[in-house]
Amino acid sequence: MQSQLFKKDFITTEDWTNEELESMLELAADLKRRFIIGEPHDHILRARTLYMLFFEESTRTRNSFEAGMTQLGGHAHWLTPKATQIGHGEAPKDTAMVLSRYGHGIALRDCRTGIGQAYQYELARWASIPVFSMQDDVDHPCQTMADLMTIREKFGPAPSTGSGQALRGRKFVISWTYAPQYVRPLSVPQGLIMLMTRFGMDVTLAHPAGFHMMPQALEAARQHAAENGASFEVIDDMDAACAGADIVYAKSWGPIMVTEDEAEVKKMSDEHKHWCLDERRMALAKKSAIYMHCMPIDRGYEAADAVIDGPQSAIYDEAENRLHIQKALMALTMAPRG
Ligand code: CP
(Lines give C-alpha, C1' and ligand atoms only; values in the text may rest on other atoms or scores of the structure.)
Protein backbone atom coordinates (compact mmCIF):
# COMPACT_ATOMS: atom_id res chain seq x y z
CA MET A 1 0.00 0.00 0.00
CA GLN A 2 1.45 3.34 -1.10
CA SER A 3 1.39 5.86 1.78
CA GLN A 4 2.64 8.96 -0.08
CA LEU A 5 -0.54 9.93 -1.88
CA PHE A 6 -1.79 12.75 0.37
CA LYS A 7 -2.69 15.76 -1.83
CA LYS A 8 -1.88 13.92 -5.07
CA ASP A 9 -4.02 14.99 -8.03
CA PHE A 10 -5.89 12.34 -10.03
CA ILE A 11 -6.57 13.84 -13.45
CA THR A 12 -5.67 10.77 -15.47
CA THR A 13 -4.54 7.26 -14.56
CA GLU A 14 -1.44 8.07 -16.63
CA ASP A 15 -0.21 10.25 -13.74
CA TRP A 16 -0.25 7.36 -11.21
CA THR A 17 2.11 4.40 -11.12
CA ASN A 18 0.79 0.84 -11.17
CA GLU A 19 1.72 0.58 -7.50
CA GLU A 20 -0.30 3.71 -6.69
CA LEU A 21 -3.29 2.40 -8.65
CA GLU A 22 -2.97 -0.91 -6.77
CA SER A 23 -3.22 1.04 -3.51
CA MET A 24 -6.48 2.56 -4.67
CA LEU A 25 -7.88 -0.86 -5.65
CA GLU A 26 -6.79 -2.40 -2.37
CA LEU A 27 -8.34 0.31 -0.22
CA ALA A 28 -11.52 0.34 -2.35
CA ALA A 29 -11.99 -3.38 -1.65
CA ASP A 30 -11.56 -2.76 2.08
CA LEU A 31 -13.99 0.18 2.10
CA LYS A 32 -16.49 -1.90 0.11
CA ARG A 33 -16.28 -4.65 2.71
CA ARG A 34 -16.82 -2.13 5.50
CA PHE A 35 -19.79 -0.58 3.68
CA ILE A 36 -21.39 -4.00 3.11
CA ILE A 37 -21.16 -5.07 6.77
CA GLY A 38 -22.10 -1.63 8.11
CA GLU A 39 -18.76 -0.98 9.77
CA PRO A 40 -18.47 2.77 10.43
CA HIS A 41 -15.64 4.58 8.69
CA ASP A 42 -16.88 8.14 8.96
CA HIS A 43 -13.81 9.26 10.87
CA ILE A 44 -11.60 9.13 7.77
CA LEU A 45 -12.63 12.49 6.26
CA ARG A 46 -14.59 13.94 9.19
CA ALA A 47 -15.38 17.66 8.66
CA ARG A 48 -13.53 17.65 5.30
CA THR A 49 -15.01 19.25 2.20
CA LEU A 50 -14.97 18.26 -1.48
CA TYR A 51 -15.98 20.78 -4.16
CA MET A 52 -17.61 19.04 -7.16
CA LEU A 53 -17.74 21.30 -10.19
CA PHE A 54 -19.84 20.00 -13.09
CA PHE A 55 -19.75 21.54 -16.54
CA GLU A 56 -22.02 18.67 -17.70
CA GLU A 57 -24.81 16.48 -16.32
CA SER A 58 -24.30 13.40 -14.15
CA THR A 59 -26.19 10.68 -12.30
CA ARG A 60 -23.50 8.23 -11.14
CA THR A 61 -20.52 10.51 -10.69
CA ARG A 62 -22.25 13.18 -8.66
CA ASN A 63 -24.14 10.80 -6.43
CA SER A 64 -21.28 8.38 -5.81
CA PHE A 65 -18.87 11.18 -4.89
CA GLU A 66 -21.46 12.90 -2.70
CA ALA A 67 -22.54 9.69 -0.95
CA GLY A 68 -18.88 8.72 -0.59
CA MET A 69 -18.02 11.96 1.18
CA THR A 70 -20.97 11.50 3.55
CA GLN A 71 -19.89 7.94 4.36
CA LEU A 72 -16.33 9.11 5.05
CA GLY A 73 -17.63 11.78 7.43
CA GLY A 74 -17.22 14.83 5.20
CA HIS A 75 -19.38 16.90 2.91
CA ALA A 76 -19.48 17.51 -0.85
CA HIS A 77 -20.62 20.77 -2.47
CA TRP A 78 -22.35 20.48 -5.87
CA LEU A 79 -21.26 23.38 -8.09
CA THR A 80 -21.76 24.40 -11.71
CA PRO A 81 -20.23 27.26 -13.72
CA LYS A 82 -23.56 29.08 -13.44
CA ALA A 83 -23.75 28.58 -9.68
CA THR A 84 -20.27 30.08 -9.30
CA GLN A 85 -18.40 33.04 -10.79
CA ILE A 86 -16.78 30.66 -13.29
CA GLY A 87 -19.84 31.37 -15.41
CA HIS A 88 -18.79 35.03 -15.42
CA GLY A 89 -15.26 34.10 -16.49
CA GLU A 90 -13.44 33.93 -13.15
CA ALA A 91 -9.93 32.59 -13.79
CA PRO A 92 -9.04 29.00 -12.81
CA LYS A 93 -6.21 30.43 -10.67
CA ASP A 94 -8.64 32.50 -8.59
CA THR A 95 -11.14 29.64 -8.22
CA ALA A 96 -8.38 27.22 -7.19
CA MET A 97 -6.69 29.61 -4.74
CA VAL A 98 -9.95 30.46 -2.98
CA LEU A 99 -11.39 26.93 -2.74
CA SER A 100 -8.01 25.75 -1.41
CA ARG A 101 -8.46 28.12 1.55
CA TYR A 102 -11.85 26.57 2.44
CA GLY A 103 -11.70 22.84 1.82
CA HIS A 104 -9.74 19.71 1.05
CA GLY A 105 -10.39 18.58 -2.54
CA ILE A 106 -11.72 19.77 -5.90
CA ALA A 107 -13.39 17.41 -8.38
CA LEU A 108 -14.20 18.52 -11.89
CA ARG A 109 -16.20 17.28 -14.89
CA ASP A 110 -15.37 19.23 -18.01
CA CYS A 111 -15.62 17.34 -21.29
CA ARG A 112 -15.12 20.28 -23.64
CA THR A 113 -12.86 18.99 -26.45
CA GLY A 114 -9.38 20.48 -26.26
CA ILE A 115 -10.30 22.38 -23.08
CA GLY A 116 -11.50 20.00 -20.35
CA GLN A 117 -8.29 18.30 -19.26
CA ALA A 118 -6.21 21.45 -19.80
CA TYR A 119 -8.60 23.33 -17.49
CA GLN A 120 -8.13 20.65 -14.82
CA TYR A 121 -4.34 20.89 -14.99
CA GLU A 122 -4.59 24.68 -14.79
CA LEU A 123 -6.76 24.43 -11.65
CA ALA A 124 -4.32 21.87 -10.21
CA ARG A 125 -1.38 24.19 -10.90
CA TRP A 126 -2.83 26.73 -8.46
CA ALA A 127 -4.72 24.54 -5.99
CA SER A 128 -2.97 23.48 -2.80
CA ILE A 129 -5.55 20.70 -2.38
CA PRO A 130 -5.89 17.67 -4.67
CA VAL A 131 -7.79 17.96 -7.96
CA PHE A 132 -9.70 14.96 -9.35
CA SER A 133 -11.13 14.41 -12.81
CA MET A 134 -14.76 13.40 -12.81
CA GLN A 135 -14.38 13.04 -16.64
CA ASP A 136 -12.85 15.29 -19.25
CA ASP A 137 -12.13 15.22 -22.96
CA VAL A 138 -9.23 12.76 -22.56
CA ASP A 139 -9.92 10.42 -19.64
CA HIS A 140 -12.56 9.31 -17.14
CA PRO A 141 -10.18 7.83 -14.57
CA CYS A 142 -12.68 7.12 -11.78
CA GLN A 143 -14.85 5.20 -14.25
CA THR A 144 -11.99 3.14 -15.67
CA MET A 145 -10.65 2.34 -12.19
CA ALA A 146 -14.13 1.19 -11.12
CA ASP A 147 -14.20 -0.91 -14.29
CA LEU A 148 -10.80 -2.43 -13.49
CA MET A 149 -11.99 -3.19 -9.94
CA THR A 150 -15.06 -4.92 -11.42
CA ILE A 151 -12.96 -6.99 -13.83
CA ARG A 152 -10.64 -8.02 -10.99
CA GLU A 153 -13.66 -9.08 -8.91
CA LYS A 154 -14.91 -11.23 -11.81
CA PHE A 155 -11.60 -12.67 -13.01
CA GLY A 156 -9.10 -12.10 -10.16
CA PRO A 157 -6.65 -11.60 -8.67
CA ALA A 158 -7.87 -10.36 -5.33
CA PRO A 159 -6.50 -6.93 -4.48
CA SER A 160 -3.15 -7.00 -2.66
CA THR A 161 -1.94 -10.07 -4.57
CA GLY A 162 -0.06 -8.13 -7.23
CA SER A 163 -0.77 -6.52 -10.54
CA GLY A 164 -2.92 -8.54 -12.78
CA GLN A 165 -1.34 -11.92 -13.57
CA ALA A 166 -4.83 -13.41 -13.68
CA LEU A 167 -5.81 -10.77 -16.23
CA ARG A 168 -2.87 -11.53 -18.50
CA GLY A 169 -4.13 -12.78 -21.84
CA ARG A 170 -7.74 -11.82 -21.17
CA LYS A 171 -9.32 -10.34 -24.29
CA PHE A 172 -10.75 -6.92 -23.43
CA VAL A 173 -12.90 -5.43 -26.18
CA ILE A 174 -14.04 -1.84 -26.31
CA SER A 175 -16.40 -1.46 -29.23
CA TRP A 176 -18.20 1.55 -30.60
CA THR A 177 -21.97 1.24 -30.84
CA TYR A 178 -24.61 3.32 -32.52
CA ALA A 179 -26.73 5.70 -30.41
CA PRO A 180 -29.15 8.29 -31.72
CA GLN A 181 -28.89 10.66 -28.76
CA TYR A 182 -26.25 13.26 -27.85
CA VAL A 183 -22.55 13.21 -28.79
CA ARG A 184 -20.60 11.30 -26.16
CA PRO A 185 -16.97 12.17 -25.42
CA LEU A 186 -13.95 9.95 -26.13
CA SER A 187 -12.85 9.83 -22.50
CA VAL A 188 -14.17 6.36 -21.60
CA PRO A 189 -12.77 4.41 -24.58
CA GLN A 190 -9.51 6.36 -24.34
CA GLY A 191 -9.24 5.80 -20.60
CA LEU A 192 -9.94 2.08 -21.07
CA ILE A 193 -7.31 1.46 -23.75
CA MET A 194 -4.74 3.37 -21.67
CA LEU A 195 -5.51 1.52 -18.43
CA MET A 196 -6.33 -2.07 -19.42
CA THR A 197 -3.11 -2.44 -21.44
CA ARG A 198 -1.20 -1.63 -18.22
CA PHE A 199 -2.80 -4.57 -16.44
CA GLY A 200 -1.84 -7.25 -18.93
CA MET A 201 -5.00 -7.53 -20.97
CA ASP A 202 -5.06 -7.95 -24.75
CA VAL A 203 -7.09 -4.95 -25.82
CA THR A 204 -9.11 -4.70 -29.02
CA LEU A 205 -10.61 -1.35 -29.97
CA ALA A 206 -13.32 -1.60 -32.65
CA HIS A 207 -15.01 1.29 -34.41
CA PRO A 208 -16.12 2.42 -37.89
CA ALA A 209 -13.97 4.88 -39.84
CA GLY A 210 -14.01 8.39 -38.40
CA PHE A 211 -14.66 7.36 -34.79
CA HIS A 212 -10.98 7.15 -33.86
CA MET A 213 -9.25 8.20 -30.65
CA MET A 214 -6.83 11.06 -29.97
CA PRO A 215 -3.25 10.16 -31.04
CA GLN A 216 -1.93 10.54 -27.46
CA ALA A 217 -4.33 7.85 -26.16
CA LEU A 218 -3.47 5.44 -28.99
CA GLU A 219 0.23 5.98 -28.42
CA ALA A 220 -0.12 5.42 -24.65
CA ALA A 221 -2.06 2.18 -25.25
CA ARG A 222 0.57 0.87 -27.70
CA GLN A 223 3.38 1.73 -25.32
CA HIS A 224 1.69 0.18 -22.26
CA ALA A 225 0.91 -3.00 -24.18
CA ALA A 226 4.54 -3.32 -25.25
CA GLU A 227 5.80 -2.65 -21.71
CA ASN A 228 3.39 -5.10 -20.05
CA GLY A 229 3.44 -8.10 -22.36
CA ALA A 230 -0.05 -7.29 -23.60
CA SER A 231 -1.38 -6.47 -27.06
CA PHE A 232 -3.36 -3.62 -28.55
CA GLU A 233 -5.15 -3.62 -31.90
CA VAL A 234 -7.63 -1.36 -33.66
CA ILE A 235 -10.15 -2.98 -36.03
CA ASP A 236 -13.35 -1.96 -37.84
CA ASP A 237 -15.39 -5.14 -37.38
CA MET A 238 -17.62 -5.58 -34.32
CA ASP A 239 -18.15 -9.33 -34.88
CA ALA A 240 -14.42 -9.99 -35.11
CA ALA A 241 -13.90 -7.92 -31.97
CA CYS A 242 -16.48 -9.88 -29.96
CA ALA A 243 -15.14 -13.28 -31.06
CA GLY A 244 -13.51 -15.04 -28.10
CA ALA A 245 -13.70 -11.97 -25.86
CA ASP A 246 -13.57 -12.17 -22.06
CA ILE A 247 -14.92 -8.66 -21.62
CA VAL A 248 -17.16 -6.86 -24.10
CA TYR A 249 -17.41 -3.16 -23.31
CA ALA A 250 -19.78 -1.79 -25.93
CA LYS A 251 -20.69 1.88 -25.93
CA SER A 252 -21.20 4.85 -28.19
CA TRP A 253 -18.97 7.88 -28.69
CA GLY A 254 -18.91 10.74 -31.17
CA PRO A 255 -16.65 11.12 -34.23
CA ILE A 256 -15.04 13.93 -32.27
CA MET A 257 -11.70 13.84 -34.07
CA VAL A 258 -13.62 14.57 -37.28
CA THR A 259 -16.59 16.73 -36.25
CA GLU A 260 -18.84 17.73 -33.37
CA ASP A 261 -21.46 19.28 -35.64
CA GLU A 262 -24.70 17.55 -34.67
CA ALA A 263 -25.99 17.11 -38.22
CA GLU A 264 -22.67 15.69 -39.43
CA VAL A 265 -22.41 13.42 -36.36
CA LYS A 266 -25.91 12.11 -37.05
CA LYS A 267 -25.08 11.48 -40.71
CA MET A 268 -21.88 9.61 -39.84
CA SER A 269 -23.53 7.62 -37.02
CA ASP A 270 -26.64 6.69 -39.02
CA GLU A 271 -24.45 4.80 -41.49
CA HIS A 272 -23.57 2.32 -38.72
CA LYS A 273 -26.90 1.58 -37.02
CA HIS A 274 -26.10 -2.13 -37.10
CA TRP A 275 -23.30 -1.63 -34.53
CA CYS A 276 -25.43 -2.88 -31.62
CA LEU A 277 -24.45 -5.51 -29.04
CA ASP A 278 -27.28 -7.97 -29.55
CA GLU A 279 -27.51 -11.55 -28.26
CA ARG A 280 -25.93 -12.97 -31.42
CA ARG A 281 -22.83 -10.81 -31.00
CA MET A 282 -22.61 -11.46 -27.26
CA ALA A 283 -22.68 -15.20 -28.05
CA LEU A 284 -19.51 -14.76 -30.13
CA ALA A 285 -17.66 -13.97 -26.90
CA LYS A 286 -16.62 -16.67 -24.42
CA LYS A 287 -19.41 -18.23 -22.38
CA SER A 288 -17.72 -16.82 -19.27
CA ALA A 289 -17.51 -13.32 -20.78
CA ILE A 290 -18.98 -10.27 -19.14
CA TYR A 291 -20.72 -7.30 -20.73
CA MET A 292 -19.75 -3.84 -19.50
CA HIS A 293 -21.00 -0.29 -20.01
CA CYS A 294 -20.29 2.83 -17.96
CA MET A 295 -23.92 4.03 -18.27
CA PRO A 296 -26.11 5.84 -19.17
CA ILE A 297 -27.07 3.32 -21.87
CA ASP A 298 -29.24 3.95 -24.88
CA ARG A 299 -31.25 0.74 -24.53
CA GLY A 300 -32.11 -1.01 -27.76
CA TYR A 301 -29.48 0.94 -29.69
CA GLU A 302 -26.14 0.43 -27.93
CA ALA A 303 -27.15 -3.01 -26.69
CA ALA A 304 -30.25 -5.20 -26.64
CA ASP A 305 -32.22 -5.39 -23.40
CA ALA A 306 -31.52 -9.13 -23.34
CA VAL A 307 -27.79 -8.38 -23.05
CA ILE A 308 -28.13 -5.40 -20.71
CA ASP A 309 -30.38 -7.36 -18.33
CA GLY A 310 -28.82 -10.76 -19.04
CA PRO A 311 -26.67 -12.97 -16.81
CA GLN A 312 -23.38 -11.72 -18.31
CA SER A 313 -24.11 -8.07 -17.58
CA ALA A 314 -21.84 -6.35 -15.04
CA ILE A 315 -23.15 -2.82 -15.53
CA TYR A 316 -24.59 -2.32 -12.05
CA ASP A 317 -21.44 -3.76 -10.45
CA GLU A 318 -19.42 -1.16 -12.33
CA ALA A 319 -21.74 1.63 -11.21
CA GLU A 320 -21.55 0.36 -7.62
CA ASN A 321 -17.78 0.28 -7.68
CA ARG A 322 -17.66 3.97 -8.59
CA LEU A 323 -18.59 4.61 -4.94
CA HIS A 324 -15.86 2.42 -3.48
CA ILE A 325 -13.05 3.45 -5.82
CA GLN A 326 -13.77 7.16 -5.29
CA LYS A 327 -13.92 6.73 -1.52
CA ALA A 328 -10.50 5.11 -1.73
CA LEU A 329 -9.21 7.95 -3.90
CA MET A 330 -10.47 10.56 -1.46
CA ALA A 331 -9.22 8.72 1.62
CA LEU A 332 -5.75 8.32 0.10
CA THR A 333 -5.41 11.93 -1.03
CA MET A 334 -7.55 14.02 1.36
CA ALA A 335 -6.86 12.42 4.77
CA PRO A 336 -3.62 13.48 6.48
CA ARG A 337 -1.86 10.51 8.04
CA GLY A 338 -2.65 10.06 11.71
N1 CP B 1 -20.66 6.78 -16.01
C2 CP B 1 -20.86 8.05 -15.63
O3 CP B 1 -19.89 8.84 -15.47
O4 CP B 1 -22.15 8.36 -15.38
P5 CP B 1 -22.73 9.82 -15.14
O6 CP B 1 -22.54 10.60 -16.42
O7 CP B 1 -24.17 9.62 -14.79
O8 CP B 1 -21.96 10.46 -14.02
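Scroll up for the structure.
Now for a look at the structure at hand. (Residues numbered from 1 in each chain as written. Predicted model: local features only at pLDDT ≥ 70, side-chain atom pairs only at ≥ 80, totals over all residues. Heavy atoms only, no water.)

## Some remarks on the overall build of the protein
Check the secondary structure of the protein and you find 12 helices and 9 strands. Once the C-alpha set of the protein is aligned to its principal axes, its extents read approximately 55 × 45 × 35 Å. Within the protein, the proportion of its 338 residues that are buried is 57%. Sequence-distant contacts in the protein: of pairs separated by 6 or more residues, those separated by 24 or more amount to 80%. Of the accessible surface of the protein, which amounts to about 13,700 Å², a share of 52% is contributed by carbon and sulfur atoms. Across the protein, 35 positive and 45 negative side-chain charges occur, with their mean positions spaced 4 Å apart. (Helix = DSSP H or I, 4+ residues; strand = E, 2+ residues; numbered from the N terminus. Buried < 20%, exposed > 50% of the residue type's maximum accessible area, 1.4 Å probe, protein only. Contact = heavy atoms within 4.5 Å. Areas by Shrake-Rupley, 256 points an atom, 1.4 Å probe, with all protein chains shown as cover. Lys, Arg positive; Asp, Glu negative; His and termini not counted. Charge placed at Lys NZ, Arg CZ, Asp CG, Glu CD.)

## Observations regarding the pairing of strand 4 (residues 131-136)
Of all 6 residues that make up strand 4, 6 are buried, and the element is covered over most of its length. Sheet topology note: the strand 3 (residues 105-110)/strand 4 ladder contains 4 bridges and is parallel. Bridge pairing links Ala107 to Phe132 in strand 4. Running through helix 4 (residues 116-126), the crossover from strand 3 to the neighbouring parallel element strand 4 is right-handed. (Pairing = 2+ DSSP bridges. Right-handed = clockwise from strand over helix to strand, strands pointing away.)

## Observations concerning the site of the ligand
All residues adjacent to the ligand are Ser58, Thr59, Arg60, Thr61, Arg109, His140, Gln143, Cys294, Met295 and Arg322. One nitrogen or oxygen atom from the main chain of Cys294 is found 3.0 Å from a nitrogen atom belonging to the ligand. Within the backbone of Met295, a nitrogen or oxygen atom sits 2.9 Å from a nitrogen atom of the ligand. Taking 260 Å² as the accessible area of the ligand by itself, protein coverage stands at 92%. Considered class by class, the residues forming the shell around the ligand number 2 nonpolar, 5 polar and 3 charged. (Near = heavy atom within 4 Å. Polar contact = N/O pair within 3.5 Å; in protein donor to acceptor, adjacent residues only side chain to side chain. Nonpolar A, V, L, I, M, F, W, Y, C, P; charged D, E, K, R; others polar.)

## Looking at the pairing of strand 2 (residues 75-79)
Note that strand 1 (residues 49-54) and strand 2 share 5 bridges and pair parallel. Bridging across to strand 2, Leu50 finds its partner in Ala76. As a crossover connection, the stretch from strand 1 through helix 2 (residues 60-71) into strand 2 is right-handed.

## Focus: a nonpolar patch on the surface
Judged by side-chain polarity, Phe35, Ile36 and Ile37 come together as a nonpolar surface patch covering roughly 310 Å² of accessible area. Looking at where Ile37 falls in the secondary structure, it is placed in helix 1 (residues 18-37). Exposure remark for Ile37: the relative accessible area of 54% places this residue in the exposed category. (Patch = residues over 30% accessible without salt bridge, like charges linked within 9 Å, V, L, I, M, F, W, Y side chains within 5 Å. Salt bridge = Lys/Arg side-chain N within 4 Å of Asp/Glu carboxyl O.)

## A closer look at the sheet that holds strand 5 (residues 171-176)
If you trace the 5 strands from one edge of the open sheet to the other, you get 7-6-5-8-9, paired in parallel fashion. The open sheet terminates on both sides in strands that have one partner only, identified here as strand 7 (232-235) and strand 9 (290-292). Across this sheet, the average inter-strand angle for adjacent strands is 20°, counted without regard to direction. Sheet analysis places strand 8 (residues 247-251) next to strand 9, joined by 3 bridges and oriented parallel. From the neighbouring strand, Ile247 faces strand 9, where its bridge partner is Ile290. Lying over the sheet, helix 6 (residues 187-196) contacts strand 5, strand 6 (202-206), strand 7 and strand 8, oriented at roughly 165° with respect to strand 5. (Axes fitted to C-alpha atoms, helices over the stretch in contact; angles between N-to-C directions.)

## Let's talk about the packing of aromatic side chains
The description of an aromatic ring pair rests on the distance of the ring centres and on the angle between the ring planes. Using the criterion set out here, one finds 6 aromatic pairs in the structure. Geometrically, the ring pair formed by Phe172 and Tyr249 is tilted, given 6.2 Å between the ring centres and 50° between the ring planes. Of this pair, Phe172 sits in strand 5 while Tyr249 sits in strand 8, placing them 77 residues apart in sequence. With relative accessibility at 0%, the residue Phe172 sits in the buried group. The structure contains a cluster of three or more aromatic residues connected by ring pairs, namely Trp176, Phe211 and Trp275. Over the ring of Tyr119 we find Arg112; its NZ or CZ atom is 5.8 Å from the centre of that ring. One cation-aromatic arrangement involves Arg184 over Tyr182; the distance from NZ or CZ to the ring centre is 4.4 Å. (Phe/Tyr/Trp six-rings, centres within 6.5 Å; stacked < 30°, edge-to-face > 60°. Lys NZ or Arg CZ within 6 Å of the ring centre and 35° of its normal.)

## Brief notes about the side chain of Ser269
One can find Ser269 in helix 9 (residues 262-270). Once residues within four sequence positions are removed from consideration, Ser269 is found in contact with Trp176, Tyr178 and Phe211.

## Quick look at the nonpolar core
A general tendency of soluble globular proteins is for nonpolar side chains to be buried together. Residues Met24, Leu50, Phe172, Ile193, Leu277 and Tyr291 are the most contacted members of the largest nonpolar core, which totals 91 residues. The residues that make up this core include at least three from each of domain 1 (13-139 + 321-334) and domain 2 (144-318). Ile193 has contacts with Ile174, Val203, Leu205, Met213, Ala217, Leu218, Ala221 and Phe232, leaving out every residue within four places of it along the chain. In terms of nonpolar packing, the next biggest core, distinct from the first, is built from 15 residues, Leu79, Tyr119, Ala127 and Val131 among them. (Core = buried A, V, L, I, M, F, W, Y, C linked by side-chain atoms within 4.5 Å. Domains from an automatic or database assignment.)

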